[in-house]
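# Fold and contact review
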Amino acid sequence: MPEGKGYGAQDTASIGPSLKYIGDFVYGYSGAVAATNDAAPITLVEFTSGAHILEIHFQYVDENNATYQRTVACDINGITVIDNRYDGTPESLLNDYRIIVPPFSNVVFGANINGATSNMYGTVTGRVYK
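The rules behind these values
- One numbering rule holds for all chains: residues counted from 1, following each sequence as written.
- Given that the model is predicted, a residue must reach a pLDDT of at least 70 before its local features are reported, and side-chain atom pairs must reach 80 or more before they are shown or counted; all residues, however, enter totals for whole chains, interfaces and linings.
- Processing note: side-chain calculations cover all non-hydrogen atoms of the structure and skip hydrogens and water entirely.
- On a scale of 0 to 100, pLDDT captures the predictor's confidence in every residue.
- Between two residues, a contact is recorded if the distance between any of their heavy atoms is within 4.5 Å.
- A pair of aromatic rings is counted whenever rings of Phe, Tyr or Trp (Trp by its six-membered ring) have centres within 6.5 Å, and the orientation is called stacked for planes under 30 degrees apart, edge-to-face for over 60 and tilted otherwise.
- Partly exposed residues are those whose accessible area sits between 20% and 50% of the maximum for their type, while under 20% is buried and over 50% is exposed, using a 1.4 Å probe and protein chains only.
- Helix and strand definitions here come from DSSP, where helices need a minimum of 4 consecutive H or I residues and strands a minimum of 2 consecutive E residues; each element is numbered from the N-terminal end.
- Working rule: Lys NZ or Arg CZ, within 6 Å of ring centre, within 35 degrees of ring normal, means a charge sits over the ring.
- When DSSP finds at least two bridges between two strands, those strands are taken to pair.
- When a carboxyl oxygen of Asp or Glu lies within 4 Å of a side-chain nitrogen of Lys or Arg, that pair is called a salt bridge.
- Only the stretch in contact is used when fitting a helix axis, every axis being a line fitted to C-alpha atoms; angles between N-to-C directions are given from 0 to 180 degrees.

### Describing the confidence of the model for the protein
Model confidence for the protein is summarised by a mean pLDDT of 84, while 83% of its residues fall at 70 or above. Segment residues 1-14: pLDDT under 50, and 21 contacts once partners within four positions in sequence are set aside and those in other chains are kept.

What follows is the structure, given as structure tokens:
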């Protein structure tokens, strides 16, 4: 599918580890993904960017209210650009990770909860710069 061209309703409401383009905007949702009680992040959203630069906002939330360690990570072309661990207290649960993605880059955004197996959710929103 060419960048910026949707092909129907399924393209505007899909859930899964990919990125969707609508005009100059991009988005992706992970849907519910079970944490694995481990510090190593598991993939929530993965995509390969098109021919243009993207400005991306990643966010992550989960269903667990305990203060277990959370892990959030992002790799671009195998290089770690975000590697965050926090204790899960309310002061640290709000997160908005922003990155610039070069053209034709593989991006993997992941998270996990070290101490629980509850559901977690990742969202990606952003803009295409042509």
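### Some points on the packing of aromatic side chains
With the rule as written, the count across this model stands at two aromatic pairs. Look at Y27 and Y29: their rings are 5.4 Å apart centre to centre, the planes differ by 50°, and that puts the pair in the tilted class. The partly exposed category is assigned to Y29, whose relative accessible area is 36%. Pairing F58 with F109 gives two aromatic rings, centres 4.3 Å apart and planes at 15°, and the pair type is stacked. In this pair, F58 is assigned in strand β5 (residues 53-62) and F109 in strand β9 (residues 106-114), connecting sequence segments 51 residues apart. The same class applies to F58 and to F109, which are both buried. Its end group placed over the ring of F25, R127 keeps NZ or CZ at 5.2 Å from the ring centre. Over the ring of Y129 we find R127; its NZ or CZ atom is 5.8 Å from the centre of that ring.

### A look at the pairing of strand β7 (residues 79-86)
With seven bridges connecting them, strand β6 (residues 69-76) and β7 associate as antiparallel partners. Opposite V72, over in β7, you have N84 as the bridge partner. Hairpin connection between β6 and β7: a loop of two residues separates the two successive antiparallel strands, and N77 in this loop has a positive phi of roughly 50°.

### Some words on the pattern of salt bridges
Applying the stated criterion across every chain yields a total of four salt bridges. The salt bridge involving D96 is made with R98; its shortest N-O contact spans 2.9 Å. With relative accessibility at 35%, the residue D96 sits in the partly exposed group. The class for R98 is exposed, based on a relative accessible area of 55%.

### Some thoughts on the sheet that holds strand β4 (residues 42-48)
Taking strand neighbours across the sheet as the criterion, the four strands line up as β4-β9-β6-β7 in an open arrangement whose pairing is antiparallel. The sheet is open, and its two borders are formed by β4 and β7, each paired with just one other strand. Within this sheet the neighbouring strands show an average axis-to-axis angle of 10°, counted without direction. Across eight bridges, β6 lies against β9 in antiparallel orientation. Directly across from I76, in β9, lies its bridge partner V107.

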